[in-house]
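Commentary on secondary and tertiary structure
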Amino acid sequence: MDMRKTLVLLGAFLLGAAAPDDVPSLSEKTYKQWLTFICPSGEESRWRRLGWRSELWAAVQEAKALQRPILLWAMNGHPLGCT
Amino acid sequence: VQALARNFLCVADEVWLLDHQDTPGAKFFRDYTKHVPAELGFAPTTKQGVYAMTPDGEYLGGHFGRHSRADTLAMLKESLLKWNELAQKKALKPKPIPGRAPNRTWGVDGLPSSAGGQAGAKAGLILQVYTRDLPGASEKTPGIGEYKDFWNENWIDFSPDELLGFVPKGGAKGAVPDALIRRMGRECLIDNVRGQVASWAEGEIKKASLQTEVVSAKEGLLTLRFQGEFTAEAGPRGYDCTLHGKAVFDSRARQFRLFELVAAGIRKGPTNNFRLPGEPASPQGVAFIIEGQYDTKEKGAGAASPAPTATASTDPSGGERRAAGPAALAEWDARLRDLLGEDLRAGRRIRFPMKLLGRSAELVRFDTSGGLQARSDGSEFLLAWKDLSLEDRRNLAVARVRDTKPDPDLELAAFYHLACGAQIEGEGLLRKLPASDAERVRAAFKGAAK
């Protein structure tokens, strides 16, 4: 777990965000801490910096025009979301 | 990995659709997979993986399924070597790949069907949805083993009319329409932290409500507060959560400027992706935001990495690395680039040990957008200046010291030696310089934190 998430978690505990029965206590005061905890950190999102295209066929046309090779990441569920 | 991947046009797509649809892209993919070596070992039901290919669909390299960083790096290097040979044979002239902002993934047209959206029809509001396990009361980190840092990403899109459902009508308080919150719950309040799962069926939703309230209104901007609850159950599987959040709605533009909604509760039951039967119920969270809403400025794909800095650390050779501040490093980097540019224009050949490639390389050219081209073993590599490690820049600075050893050459090499922690080499060069020049180099390290 990265430092940012550890700090967020500590803040959430101090605000009483973790209840004894394991049900996360979500409130108007704590939602922001949980939001930060759940959303990926900058390190976890680094892969996005490659400027991913989202459809193979359009990328093939672009690669032909640019005379570049293609790197395809193909998953069950689109890797950019909906997995 | 990212430095080498920038030589390729990178694309992500849905593999089941590529393997089964009757579209040009799917046909292209299926033709490509016919040329993939058998040892890649596709599974009978899926071909998910990472694949390198020419724009004509010729196989360059690839991995089925998940692989380590080292394997990926090796695959990229090998694929790039093959591509460079082909490009040389065909006398291709690769053009720079236009950057694309890391956010705004789906553009103004909205989500395509491959991401579960209705491109064109529902681009009024697109929310990015993240799911992650939350820590239990007795845990410091959520989940177990390799799964504890897992998270997943999803999207949901709304038409311009639908998004108005989040704004109270005829008063300060209201309820978000049932159809809207039920769809959000059905599609997004799911346990996909460890992998793809099906949406809830309508009949599996036991409870779904979201209250919205205007807490302030100023110059057409309404600040809204959300509160709600959701429960779904399907046999042993279920998710029971509460929701809280805030949004800022621009009533003049009829658009949301900010959207923050969090669900937190208990998930239970197995899924078809790594949530195993017998695992106890555990806390899980879901967050909805507008993609890029916290960005202070747009960053292009080629400009997203922070500028490298020489920070205090221990050099592998045993010397203590001295810290040069970011401004000093940027200044010396600019000087190094200028002098290397002059070297190339003068026809000098700069050969240097390139850490990134793990072998010797020759600098071929710079371009104005910060790219550089290096040649190694007959292949050429396109890289960004920022991909070069401090050690690579040191090696360049040292490689360009001319036989006559002019002061500016030594000064530059001394700076990078010191920045890399090579005290003996750095100080050795500084002793050959006039005192004022040597002091200028040492000044770059004064006042910077170690």
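Read on for an overview of the structure. Quantities reported herein were computed from a predicted structural model and do not represent experimental measurements. (Residues numbered from 1 in each chain as written. Chains lettered and ligands numbered in written order. Predicted model: local features only at pLDDT ≥ 70, side-chain atom pairs only at ≥ 80, totals over all residues. Heavy atoms only, no water.)

1. Overview of the environment of P353(B)
- Along the chain, P353(B) turns up in strand 12 (residues 351-354).
- C-alpha separation for the pair P353(B) and N395(B), spaced 42 residues apart in sequence, amounts to 6.4 Å. (Helix = DSSP H or I, 4+ residues; strand = E, 2+ residues; numbered from the N terminus.)

2. Side note on the packing of helix 7 (residues 326-345) of chain B against helix 8 (residues 390-399) of chain B
Residue and element names in this part refer to chain B.
- Running from amino to carboxyl end, helix 7 crosses helix 8 at an angle of 45 degrees, the nearest separation of the two axes being 11 Å. On the basis of their axis angle, the class for helix 7 and helix 8 is oblique. Pair helix 7 / helix 8 crosses with left-handed handedness. Contacts between helix 7 and helix 8 involve L329, D333, L336 and L340 on the former and, on the latter, L390, R393, L396 and A397. (Axes fitted to C-alpha atoms, helices over the stretch in contact; angles between N-to-C directions. Parallel < 35°, antiparallel > 145°, perpendicular 65-115°, else oblique. Left-handed = near helix turned anticlockwise from the far one by under 90°. Contact = heavy atoms within 4.5 Å.)

3. Brief notes about the sheet that holds strand 1 (residues 9-14) of chain B
- The strand order 1(B)-1(A)-2(B)-3(B) describes an open sheet built from four strands, whose pairing is mixed. What marks the edges here is a single partner per strand, and that holds for strand 1 and strand 3 (59-64) of chain B. Geometrically, the sheet is characterised by an average inter-axis angle of 15 degrees between neighbouring strands, direction not taken into account.
- Across five bridges, strand 1 (residues 70-75) of chain A lies against strand 2 (residues 49-53) of chain B in antiparallel orientation. Paired with W73(A) across the two strands is V50(B), which belongs to strand 2 of chain B.
- Of the strands in this sheet, strand 1 of chain A together with strand 1 of chain B are in contact with helix 3 (residues 56-66) of chain A, which crosses strand 1 of chain B at around 165 degrees.
- The strands touched by helix 4 (residues 69-89) of chain B within the sheet are strand 1 of chain A together with strand 2 and strand 3 of chain B, with strand 3 of chain B carrying the most contacts at an inclination of about 165 degrees. (Pairing = 2+ DSSP bridges.)

4. Re the layout of surface pockets
- Estimates place the volume of the second largest pocket at around 950 Å³.
- The wall of the second largest pocket is formed by 42 residues, among which R68(A), R6(B), P96(B), I97(B) and L382(B) lie closest to the centre. (1 Å grid on protein atoms, 1.4 Å probe; cavity = no way out; pocket = protein on both sides within 12 Å on 5 of 7 lines; lining within 4 Å. Points joined across faces, edges and corners; volume = space filled by probe spheres on them.)

5. What to know about helix 7 of chain B
All names here are of chain B.
- Look at helix 7: 28 Å from first C-alpha to last across 20 residues, which is about the 28 Å you get at 1.5 Å a residue.
- Buried residues of helix 7: A328, L329, W332, D333, L336, L339, L340, G341 and D343, and no others.
- Buried residues belonging to helix 7 abut strand 13 (359-366), helix 8, helix 9 (407-419) and helix 11 (435-443). (Expected span 1.5 Å × (residues − 1). Buried < 20%, exposed > 50% of the residue type's maximum accessible area, 1.4 Å probe, protein only.)

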